[in-house]
Amino acid sequence: MTNDELNSRRKKAVANGVAQIHPFYVERAENSTIWDVEGREFIDFSGGIAVLNTGHMHPTVKQAVMAQLDRFSHTCFMVIGYESYIQVCEQVNELAPGQFDKKTALFNSGSEAVENAVKVARAYTQRAGVIAFTSAYHGRTLAALALTGKVNPYSEGMGLMPSFVYRAEFPCALHGVSEDDAIASIERIFKNDAAASDIAAIIIEPVQGEGGFYVASPAFMQRLRALCDREGIVLIADEVQTGAGRTGTFFAMEQMGVCADICTFAKSIAGGFPLSGITGRAKVMDCIQPGGLGGTYGGNPIACAAALAVMEVFKQEKLLSRSYEIGAMMKQSLVQMQTINPQIADIRGLGAMVAFELMEDGVPKADYCRQILIEARERGLILLSCGTFGNVIRLLVPLTASDEQIIQGMAILRMSFEAILP
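What comes next is a walk through the structure. (Residues numbered from 1 in each chain as written. Predicted model: local features only at pLDDT ≥ 70, side-chain atom pairs only at ≥ 80, totals over all residues. Heavy atoms only, no water.)

In terms of helices and strands, the chain carries 13 helices and 16 strands. Relative to the globule expectation of 22 Å for 422 residues, the C-alpha radius of gyration of the chain, 21 Å, shows essentially globular dimensions. For the chain, the spread of C-alpha atoms along the principal axes amounts to about 60 × 55 × 45 Å. Across the 422 residues in the chain, those meeting the buried criterion constitute 55%. Sequence-distant contacts in the chain: of pairs separated by 6 or more residues, those separated by 24 or more amount to 73%. Per element, the accessible surface of the chain, about 18100 Å² overall, is 52% carbon and sulfur. (Helix = DSSP H or I, 4+ residues; strand = E, 2+ residues; numbered from the N terminus. Rg over C-alpha atoms; globule rule 2.2 N^0.38 Å. Buried < 20%, exposed > 50% of the residue type's maximum accessible area, 1.4 Å probe, protein only. Contact = heavy atoms within 4.5 Å. Areas by Shrake-Rupley, 256 points an atom, 1.4 Å probe, with all protein chains shown as cover.)

Let us now look at unusual backbone geometry. At Q126, a residue that is not glycine, the phi angle is positive and equals roughly 60°. For Q126, the position within the fold is in the loop between α5 (110-125) and β5 (129-133). For D361, which is not glycine, the phi dihedral falls at a positive 55°. Position of D361 relative to the elements: it lies in the loop between β12 (353-360) and β13 (363-364).

Before going further, it helps to examine the sheet that holds strand β3 (residues 41-44). One open sheet holds the four strands; their spatial order is β1-β2-β3-β14, and the pairing between them is mixed. In this open sheet, the two edge strands, each paired with only one partner strand, are β1 (26-30) and β14 (381-382). Two strands pair when backbone bridges link them, and strand β2 (residues 33-36) and β3 are joined in this way by three bridges, in the antiparallel orientation. Residue pairing in the sheet places T33 in a bridge with I43 of β3. Its contacts with the sheet put helix α13 (residues 403-420) on β2, β3 and β14, and the angle it makes with β3 is roughly 100°. (Pairing = 2+ DSSP bridges. Axes fitted to C-alpha atoms, helices over the stretch in contact; angles between N-to-C directions.)

With that out of the way, let us pick up the nonpolar core. M330, F356, L383, L395 and L413 are the most contacted members of the largest nonpolar core, which totals 99 residues. Ignoring any residue separated from it by four or fewer positions in sequence, one finds F356 in contact with L334, I344, D346, I347, N391, V392, I393, L395, L413 and F417. A117, Y137, A200 and V284 belong to the second largest nonpolar core, which has 30 residues in total. (Core = buried A, V, L, I, M, F, W, Y, C linked by side-chain atoms within 4.5 Å.)

Strand order in the open sheet made by the seven strands is β4-β10-β9-β8-β7-β5-β6, with mixed pairing throughout. The open sheet has two free edges, formed respectively by β4 (102-107) and β6 (165-168), since each of these has just one partner strand. Sheet twist, expressed as the average angle between the axes of neighbouring strands with direction ignored, equals 20°. The sheet contact formed by strand β7 (residues 199-204) and strand β8 (residues 234-238) spans four bridges and is parallel. By the bridge assignment for β8, I202 is matched with L235.

Structurally, the position occupied by Q241 is in the loop between β8 and β9 (262-265). Of note is the side chain of Q241, whose polar atom sits 3.3 Å from the side chain of R394. Discounting residues that sit within four places of it in the chain, Q241 has contacts with A50, G209, E210, F213, R246, K267, M353, R394 and L396. (Polar contact = N/O pair within 3.5 Å; in protein donor to acceptor, adjacent residues only side chain to side chain.)

This brings us to the pattern of salt bridges. Counted according to the given criterion, the structure contains 15 salt bridges. Notably, a salt bridge pairs R394 with E210, separated by 2.8 Å at the nearest N-O pair. Placement of R394 in strand β16 (residues 392-395) and of E210 in the loop between β7 and α8 (218-231) is noted, with a sequence separation of 184 residues between them. You'll find R394 and E210 in the same group, each marked buried. (Salt bridge = Lys/Arg side-chain N within 4 Å of Asp/Glu carboxyl O.)

Let us now look at the packing of helix α3 (residues 59-69) against helix α10 (residues 301-316). Look at α3 against α10: their axes get within 8 Å of each other, and the N-to-C directions meet at 150°. On the basis of their axis angle, the class for α3 and α10 is roughly antiparallel. Both α3 and α10 take part in a crossing whose hand is right-handed. Contacts from T60, V61, A64, V65, Q68 and L69 in α3 reach P301, I302, A305, A306, A309, V310, V313 and Q316 in α10. (Parallel < 35°, antiparallel > 145°, perpendicular 65-115°, else oblique. Left-handed = near helix turned anticlockwise from the far one by under 90°.)

Moving on, we get to α10. Its 16 residues give α10 an end-to-end C-alpha distance of 23 Å, which sits within 8% of 22 Å, the value for a rise of 1.5 Å per residue. Burial analysis of α10 places 13 of its 16 residues in the buried class, which makes it a mostly covered element. At the N-terminal boundary of α10, the capping side chain belongs to N300, with an oxygen 2.8 Å from the backbone nitrogen of I302. (Expected span 1.5 Å × (residues − 1).)

Moving on, we get to helix α11 (residues 319-340). Taking 1.5 Å per residue as the helical rise, α11 with its 22 residues ought to reach 32 Å, and the 32 Å between its terminal C-alpha atoms agrees with that figure. Buried within α11 we find L319, R322, S323, I326, G327, M330, S333, L334 and M337. All buried residues of α11 project into a common sector of 140° when viewed along the axis, lining one side. In α11, those exposed residues whose orientation departs by more than 90 degrees from the buried face are Q332 and T339. Close packing links the buried residues of α11 with α10, β11 (344-350), β12, β16 and α13. (Arc of directions from axis to C-beta.)

Take the packing of aromatic side chains next. Per the stated rule, a full pass over the model turns up eleven aromatic pairs. Each ring, one from F250 and one from F251, has its centre 5.8 Å from the other, and the planes form 70°; the classification is edge-to-face. Taken as a pair, F250 and F251 share a single burial class, namely buried. Here the aromatic rings of F356 and F417 are separated by 5.6 Å at their centres, their planes lie at 40°, and the arrangement is tilted. With a gap of 61 residues between them, F356 in strand β12 and F417 in helix α13 connect regions that are remote in the sequence. Side by side, F356 and F417 carry an identical accessibility label, which is buried. One aromatic cluster is present, formed by F72, F77, Y82 and Y85 through successive ring pairs. (Phe/Tyr/Trp six-rings, centres within 6.5 Å; stacked < 30°, edge-to-face > 60°.)

So, in structure tokens, the structure goes:
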């Protein structure tokens, strides 16, 4: 079977709305390497969109999953419980920042985690409104999509989203939005759109994901925390992409100097198996009666086994410190490229959550971004773009990748720049 043959079958069978960035099909994968159905080898700097911090098919994760399959695959935790669900909740409660009692609930996807976090905040505060930020990405289900700050392609043609969301400015000096501007935009909402007493939650990504890897500073997060405390608003940290060690701490909020009331997590928590959840202050999490949270597959035993193995791998292989090492390597290489390619307007990120933005004369250059993705793929490197203007390339290599493979990947990126930029 060839990639062209599979693409032909895909066009006939798969809904048009399901995108695919790279037009080839995987045959197998290991750690940070992918082989397609035609035998070509690629270095994976996408990690399944930040899902594979422990790499493809990590032996410890694989062994845990196979052991669970020998026991049972499903009961629905809401019907018959199992210890691994409780163990995941216990461990995440310990890992999430904050010196207070915490509780956790498990689901399947990041969108589900976000929607359930909002449900909890609304139940706890008995308020309806939620403030989200420009360029935010919180998911594709209906309420999560209302929180997402980008219309095309996520909600274009689908009509207006639910109306309980208000949009504040995310601070981004590169695009002319200061931290004072961002706080002022929230105060403007209180004045013009919804009273603070009508706002249940403010939801923010400590580092924006799809929005472009813009990092919220500790100072801004502290101001946001103070504002929420002043107005009795629940602060939700969406750590779906930043969580599970991507930024060098298990949750990025550990680097922000404050704690959220609720954190969402998903993606890399289970090494490629569908698992998500919300962790928060016990008194907040317990405001919903039994039956108000859950789902048929939420906290599936196979995914829970994988998550427990992932957390063990982080300890055994010291992947949090490895995240900083990888981030430093990639940033150093990008700084060297920037001296030759001034189109690299900004290099940013926390830990190994690194991105660079392409601009020319102050104008975002999405066309350069698209060309680099294609050129790099032809040379054997898989990359992802992001950003409101589509002009940001993000680097999400597994934290288990070797120095040699990271160096090789950055060399391919440099050659791709040389091939397409004037």
